Amino acid sequence: GQSLNKKFLEDVPTGRTYQDAATLLPGVVAAGNPVINGGSSYSNQYLVDGVNTTDPSTNTFSLNFNFDAIEELEVITGGFSPEYGNVSGGVINVVTKSGSNDFELDTSLYYRASGLSLEGLDQSPRDFDDIQANLNLGGPIIKDHLWYFLSGEFDRSRSQLPRGSSVDALARIQHPAQLYES
């Protein structure tokens, strides 16, 4: 395995999820849930600061996490110690940022829309737009003894299927747009 630090995660172009960042390591392949060293996408364990956050029903990641609040991403791809128990794929541990004696404020806004995409690459163009806004705030409460760190993220995604169908009765029907906000 290997650890990816904050500087590396900021500099390397990847999707803005810890699952996408994990695919930068050898033996890790993306398929929504990462596939690690030939295990299935249901064979991994997901941790946040060492606490198991693996979904007990699906045995996949259960938590989307603000990418800008990640200090380090640890991926263990083999040679597991007994503490990881029943893992045949890999272990992904998200280490969060923490407060310090220095006041820090970090904000970001990301926008993606179909109007900004090249046409002709996809046979069925979709009308979509995505907005992601992040706010991270940290600093001292009692210098050298007690700190705080707060992180928030807003996601809004709208996707519209294209008009048209090979079935004549459905050709003029416009489906409602799918809207996701969190």
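Quick note: structure is the one above.
About the criteria used
- Residues numbered from 1 in each chain as written.
- Predicted model: local features only at pLDDT ≥ 70, side-chain atom pairs only at ≥ 80, totals over all residues.
- Heavy atoms only, no water.
- Helix = DSSP H or I, 4+ residues; strand = E, 2+ residues; numbered from the N terminus.
- Pairing = 2+ DSSP bridges.
- Axes fitted to C-alpha atoms, helices over the stretch in contact; angles between N-to-C directions.
- Contact = heavy atoms within 4.5 Å.
- Salt bridge = Lys/Arg side-chain N within 4 Å of Asp/Glu carboxyl O.
- Buried < 20%, exposed > 50% of the residue type's maximum accessible area, 1.4 Å probe, protein only.
- Phe/Tyr/Trp six-rings, centres within 6.5 Å; stacked < 30°, edge-to-face > 60°.

S.K.: Teacher, can you tell me more about unusual backbone geometry here?
M.R.: Peptide bonds are mostly trans, and most non-glycine residues show a negative phi. Despite not being glycine, Asn37 shows a phi value in the positive range, around 50°. One can find Asn37 in the loop between β3 (35-36) and β4 (45-48). Of note, the phi angle at Asp49 is positive, near 50°, even though the residue is not glycine. If you trace the backbone, Asp49 turns up in the loop between β4 and β5 (51-52).

S.K.: Where do I start with the sheet that holds strand β10 (residues 146-160) in this structure?
M.R.: Adjacent strands of a sheet pair through backbone hydrogen bonds, lying either parallel or antiparallel. Across the sheet, which stays open at both edges, the four strands sit in the order β8-β9-β10-β11 with antiparallel pairing between neighbours. Either end of the sheet is taken by a strand with one partner, and the two such strands are β8 (104-113) and β11 (178-181). For this sheet the average axis-to-axis angle between neighbouring strands, irrespective of direction, equals 5°. Alignment of β8 against strand β9 (residues 127-142), held across 10 bridges, turns out to be antiparallel. Across the sheet, residue Leu109 finds its bridge partner in β9, namely Ala133.

S.K.: How do you make sense of the side chain of Gln45 when you look at a structure like this?
M.R.: Summarising the element assignment, Gln45 is placed in strand β4. When near neighbours in sequence (up to four residues on either side) are disregarded, Gln45 contacts Asn52, Thr54, Tyr84, Val87, Gly90, Val91 and Ile92.

S.K.: I'm lost on the pattern of salt bridges in this one. Help?
M.R.: A pair can form between side chains of opposite charge whenever their charged atoms are brought close. All chains considered together, the criterion is met by six salt bridges. Among the ionic pairs, Asp68 bridges to Arg16, the shortest N-O distance being 2.9 Å. Taken together, the positions of Asp68 in the loop between β5 and β6 (70-76) and Arg16 in the loop between α1 (6-11) and α2 (18-22) put the pair 52 residues apart, joining distant regions of the chain. Note on Arg16: relative accessible area 22%, which makes it partly exposed. Between Asp129 and Arg156 there is a salt bridge, with its nearest N and O atoms 3.0 Å apart. Placement of Asp129 in strand β9 and of Arg156 in strand β10 is noted, with a sequence separation of 27 residues between them. Linked through salt bridges whose partners overlap, the residues forming this network are Asp129, Arg156, Arg158 and Glu181.

S.K.: It is not clear to me how the packing of aromatic side chains should be interpreted in this structure. Could you clarify?
M.R.: To describe a pair of aromatic rings, one takes the distance between the centres and the angle between the planes. In this structure the tally under the stated criterion is two aromatic pairs. Both rings, one in Tyr18 and one in Phe61, keep their centres 6.3 Å apart while their planes meet at 80°; by these two values the pair is edge-to-face. Taken together, the positions of Tyr18 in helix α2 and Phe61 in the loop between β5 and β6 put the pair 43 residues apart, joining distant regions of the chain. Judged by centre distance (6.1 Å) and plane angle (70°), the rings of Tyr46 and Phe61 are edge-to-face. Of this pair, Tyr46 sits in strand β4 while Phe61 sits in the loop between β5 and β6, and the two are 15 residues apart along the sequence. Relative accessible area serves as the criterion here: at 1%, Tyr46 is assigned to the buried category. Cluster of aromatic residues (ring-pair linked, three or more members): Tyr18, Tyr46 and Phe61.

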